[in-house]
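Spelled out, the chains give:
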Amino acid sequence: MSQLLRKPNRSELSPGVTIVHEVTTENSPLKYIGFKVVDLASGARYSEELSKIECCIVVLTGRINFTDKEVAFENIGTRDSVFEQIPTDSVYVSNNRYFEVEAVSQARVVLCYSPSEKQLPTRLIKATDNMIENRGKFNNKRLVHNILPDSDPSANRLLVVEVYTNSGNWSSYPPHKHDRDNLPEESFLEETYYHEMNPRQGFVFQRVYTDDRALDETMTVENSDVVLVPAGYHPVGVPDGYTSYYLNVMAGPTRIWKFHNDPDHEWILKR
Ligand SMILES: O=C(O)C[C@@H](O)[C@H](O)C(=O)CO
């Protein structure tokens, strides 16, 4: 099994609270990203005392209430399936703060973490705040919901985006990377992919590779899998008949997404 591919590994934390994925800087090659997927039964609560990490809570599906003991947001979340293809609500919580989420309905939340020292205000990122983009042409079409892009100063390190790729199309393509801290040409950002497919028995292929091929893995990715991208190019190919969804978290020393296309395949953009 690839070191970069994580299958869901469900474990019940407390009644109604199931951890589906837990990627940490200790159990992965990543230094800047932590990642949790949490399933909540209606009425269940999950809380955390953040230390030197910031967190973006994405209400992937279902509805939740949020509090950090100072501010509260009620009944947030917009969809029962990511394949409704509408943006959702998220909450940014800074380091050294407490938060609690309570499921109003059955819900799946994603917790995206990165090391952080400077406190920032808790912020509700409403679905309507998401900047929506249609990218690409030919068989490279995808729909992007920008949850926490680098143009939004709400976070210290985290960048969060969700992407839909049509059946028979490619995304994160032509292959690009962001693994050199060499601005203004390229930024160093690690990345995680949380994948879903519609219908759910679908699969996609994701390749993660570097120029020297010291890293070169091609993975078959199924519903609810996570792919880690510590470095390298990371294209995704979607078979005919299936729609792909993924949630990306990126973080690194500087909060700028400046990528470098694989020169061998950059011609694809010039058609
Ligand atoms: O436009 C896309 O295909 C999405 C990707 O850019 C994805 O968010 C990513 O690879 C970020 O580096």
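Our structure is the block above this text.
I will try to describe carefully the structure that is included in this document. Owing to the predicted nature of the structure, the values given are computational and were not obtained by experimental measurement.

**Side note on the nonpolar core**
Point 1. Grouped together as the largest cluster of nonpolar side chains are 47 residues, with contacts concentrated most on Phe-35, Val-58, Cys-112 and Leu-247.
Point 2. It is strand S25 (residues 243-251) that contributes the most residues to this core, five residues altogether.
Point 3. With residues near it in sequence (within four places) discarded, Cys-112 still touches Gly-34, Glu-54, Cys-55, Cys-56, Val-58, Leu-158, Val-160, Leu-247 and Val-249.
Point 4. In terms of nonpolar packing, the next biggest core, distinct from the first, is built from 23 residues, Val-38, Cys-55, Ile-57 and Val-93 among them.

**Focus on the pattern of salt bridges**
Point 1. Taken as a whole, this structure holds 19 salt bridges when the rule is applied.
Point 2. Among the ionic contacts, a cluster of salt bridges with common partners joins Lys-177, Asp-179, Arg-180 and Glu-186.

**Examining the packing of aromatic side chains**
Point 1. Applying the stated rule across the entire model yields 12 aromatic pairs.
Point 2. With centroids separated by 4.9 Å and ring planes inclined at 35°, the aromatic side chains of Tyr-209 and Tyr-233 adopt a geometry described as tilted. Of this pair, Tyr-209 sits in strand S21 (residues 203-209) while Tyr-233 sits in the loop between strand S23 (226-229) and strand S24 (236-237), placing them 24 residues apart in sequence. Residues Tyr-209 and Tyr-233 agree in their burial class; the two are buried.
Point 3. Among the aromatic residues, those joined into a ring-pair cluster are Phe-83, Tyr-164 and Tyr-245.
Point 4. The cationic tip of Lys-69 hangs over the ring face of Tyr-98; the distance from NZ or CZ to the ring centre is 4.3 Å.
Point 5. The ring of Tyr-209 is capped by Arg-207, whose NZ or CZ atom sits 3.9 Å from the centre of that ring.

**Focus: the site of the ligand**
Point 1. Around the ligand there are 15 residues in total, and Arg-135, Arg-142, Ser-172, His-178 and Asn-248 lie nearest to it.
Point 2. In the model, an oxygen atom of the ligand is placed 2.8 Å from a nitrogen or oxygen of the His-178 side chain.
Point 3. Here an oxygen atom of the ligand sits 3.1 Å away from a polar atom, N or O, in the side chain of Glu-191.
Point 4. Against a free-state accessible area of 320 Å², the protein chains account for coverage of 98% of the ligand.
Point 5. For the shell around the ligand, the secondary structure elements donating two or more residues are strand S15 (159-165), strand S20 (190-198) and S25.
Point 6. Top element by residues in the shell around the ligand is S25. It accounts for three residues.
Point 7. Considering only residue class, the shell around the ligand consists of six nonpolar, six polar and three charged.

**Regarding the sheet that holds strand S4 (residues 34-40)**
Point 1. Spatially, S2-S3-S4-S11-S6-S9-S12 is the arrangement adopted by the seven strands of the open sheet, whose pairing is antiparallel. Strands at the two margins of the open sheet, each flanked by one partner only, are strand S2 (11-14) and strand S12 (123-125). Within this sheet the neighbouring strands show an average axis-to-axis angle of 25°, counted without direction.
Point 2. Bridge count between strand S9 (residues 90-93) and S12: three bridges; the pairing is antiparallel. Pairing of Ser-90 across the sheet is with Ile-125, part of S12.

**What about the sheet that holds strand S8 (residues 72-76)?**
Point 1. The strand order S5-S10-S7-S8 describes an open sheet built from four strands, whose pairing is antiparallel. Pairing within the sheet leaves two strands with one partner each, and these edge strands are strand S5 (45-49) and S8. The mean inter-strand angle of the sheet, taken between neighbouring strand axes irrespective of direction, is 10°.
Point 2. Strand direction decides the pairing type here: strand S7 (residues 64-67) and strand S10 (residues 98-103), joined by four bridges, are antiparallel. Bridge pairing links Ile-64 to Ala-103 in S10.

Criteria and cut-off values
Residues numbered from 1 in each chain as written. Predicted model: local features only at pLDDT ≥ 70, side-chain atom pairs only at ≥ 80, totals over all residues. Heavy atoms only, no water. Core = buried A, V, L, I, M, F, W, Y, C linked by side-chain atoms within 4.5 Å. Buried < 20%, exposed > 50% of the residue type's maximum accessible area, 1.4 Å probe, protein only. Helix = DSSP H or I, 4+ residues; strand = E, 2+ residues; numbered from the N terminus. Contact = heavy atoms within 4.5 Å. Salt bridge = Lys/Arg side-chain N within 4 Å of Asp/Glu carboxyl O. Phe/Tyr/Trp six-rings, centres within 6.5 Å; stacked < 30°, edge-to-face > 60°. Lys NZ or Arg CZ within 6 Å of the ring centre and 35° of its normal. Near = heavy atom within 4 Å. Polar contact = N/O pair within 3.5 Å; in protein donor to acceptor, adjacent residues only side chain to side chain. Areas by Shrake-Rupley, 256 points an atom, 1.4 Å probe, with all protein chains shown as cover. Nonpolar A, V, L, I, M, F, W, Y, C, P; charged D, E, K, R; others polar. Pairing = 2+ DSSP bridges. Axes fitted to C-alpha atoms, helices over the stretch in contact; angles between N-to-C directions.

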